[in-house]
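Chains, contacts and geometry: an overview
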Amino acid sequence: MLTITPLSPTDETPLSLLLLADPSIKKVRASLAQGTCYLARLQDKTIGCLVLVPLSQQTIEIMNIAVDPTYHRQGIGTQLLAYAKTMVQREGYATLEVGTGNSSIGQLAFYQKAGFRMVDIQPDFFLLHYDEPIIENGILCRDMIRLQFSHFTGKTTL
Ligand SMILES: CC(C)(COP(=O)(O)OP(=O)(O)OC[C@H]1O[C@@H](n2cnc3c(N)ncnc32)[C@H](O)[C@@H]1OP(=O)(O)O)[C@@H](O)C(=O)NCCC(=O)NCCS
């Protein structure tokens, strides 16, 4: 059975997983310092992680979410999103937000399937804030697409 728990001082920080979602170690460390990291474990093996950072009294951001590639497309990411949605509601936030790249085709499908809606674009975010170019699916990652899930409006459409 999958368990999701906050990273404790005795747990190893899942850096290799975190770097799957964000190639910048500087940004990964900054998000760990600002927020809370959660581990998804299957029989003591860490196979996924999630970092949540409060942005305001209303909004919390998914700064990182990653699943070990061996376990992709088995619903683990969806369980991490469900955990984040529960946290948001329990802690009294209204909105869960995430940013992903224009080239992140699978991730855009993943979030929208979970009820997230596109709300904004930050043009050239990745060109301005990352040292190395990021290319995914043969597309240069330039712009950040912001997506939101709200318990008030969020419904999966499928
Ligand atoms: C994004 C990520 C967390 C998804 O985790 P996952 O456990 O594979 O996701 P799920 O199995 O819960 O997927 C749920 C649905 O999302 C969609 N989806 C997920 N990955 C997809 C992909 N690569 N391409 C297209 N659709 C995808 C599918 O509709 C999927 O349902 P289906 O498998 O029944 O078709 C995982 O691919 C990952 O760790 N990627 C690397 C890190 C990363 O990019 N993080 C996000 C940064 S913004």
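Residues numbered from 1 in each chain as written. Predicted model: local features only at pLDDT ≥ 70, side-chain atom pairs only at ≥ 80, totals over all residues. Heavy atoms only, no water.

You'll find the protein chain entered in an unreviewed UniProt entry as GNAT family acetyltransferase, with Fictibacillus macauensis ZFHKF-1 given as the organism.

A look at the site of the ligand
To keep things clear, this is the line we draw: Any residue with a heavy atom lying within 4 Å of a molecule or strand is counted as near it. What sets the accessible areas is the Shrake-Rupley method with a 1.4 Å probe; for residues, cover comes only from the shown protein chains. By definition, any uninterrupted DSSP run of H or I lasting at least four residues is a helix, any uninterrupted run of E lasting at least two residues is a strand, and each is numbered from the N terminus. All amino acids are sorted into three groups, where Ala, Val, Leu, Ile, Met, Phe, Trp, Tyr, Cys and Pro are nonpolar, Asp, Glu, Lys and Arg are charged, and the leftover types, Gly among them, are polar.
Contacts to the ligand come from 19 residues, most closely from Ile 65, Val 67, Gly 77, Thr 78 and Gln 107. Relative to its unbound accessible surface of 920 Å², the ligand loses 76% to contact with the protein. When residues of the shell around the ligand are traced back to their parent elements, those giving at least two are α1 (15-21), β4 (59-67), α3 (76-90) and α4 (105-113). Here the shell around the ligand gets six residues from one element, more than from any other, and that element is α4. Taken together, the residues of the shell around the ligand sort by class into nine nonpolar, eight polar and two charged.

Remarks on α3
Our working definition: Residue count minus one, scaled by 1.5 Å, sets the expected span of a helix. Classification of residues uses two cut-offs on accessible area relative to the type maximum, computed with a 1.4 Å probe and protein chains only: under 20% is buried, over 50% is exposed, and between them is partly exposed.
With 15 residues, α3 extends 21 Å between its outermost C-alpha atoms, agreeing within 8% with the 21 Å of an ideal straight helix rising 1.5 Å per residue. Every buried residue of α3 is listed here: Ile 76, Gly 77, Leu 80, Leu 81, Ala 84, Lys 85, Met 87 and Val 88. One or two steps after α3, the chain reaches Gly 92, where phi turns positive at roughly 85 degrees.

Looking at the environment of Val 51
Along the chain, Val 51 turns up in strand β3 (residues 45-54). Residues Val 51 and Thr 95 lie 44 residues apart in sequence; the distance between their C-alpha atoms is 15 Å.

Here's the deal with the sheet that holds strand β9 (residues 144-150)
Picture the strands of a sheet paired through backbone hydrogen bonds; they go either parallel or antiparallel. Using the following cut-off: Strands are treated as partners if at least two bridges between them are detected by DSSP. In this analysis, axes come from line fits to C-alpha atoms, helices being fitted only over the stretch in contact, and the angle between any two N-to-C directions falls in the range 0 to 180 degrees.
Overall, mixed pairing links the seven strands, which are arranged β1-β2-β3-β4-β5-β9-β6 in an open sheet. Each edge of the open sheet is held by one strand with a lone partner, namely β1 (2-6) and β6 (117-122). Across the sheet, the axes of successive neighbouring strands diverge by a mean angle of 30 degrees, strand direction being ignored. As defined by bridge partners, β1 adjoins strand β2 (residues 36-42) across five bridges and the pair is classed as antiparallel.

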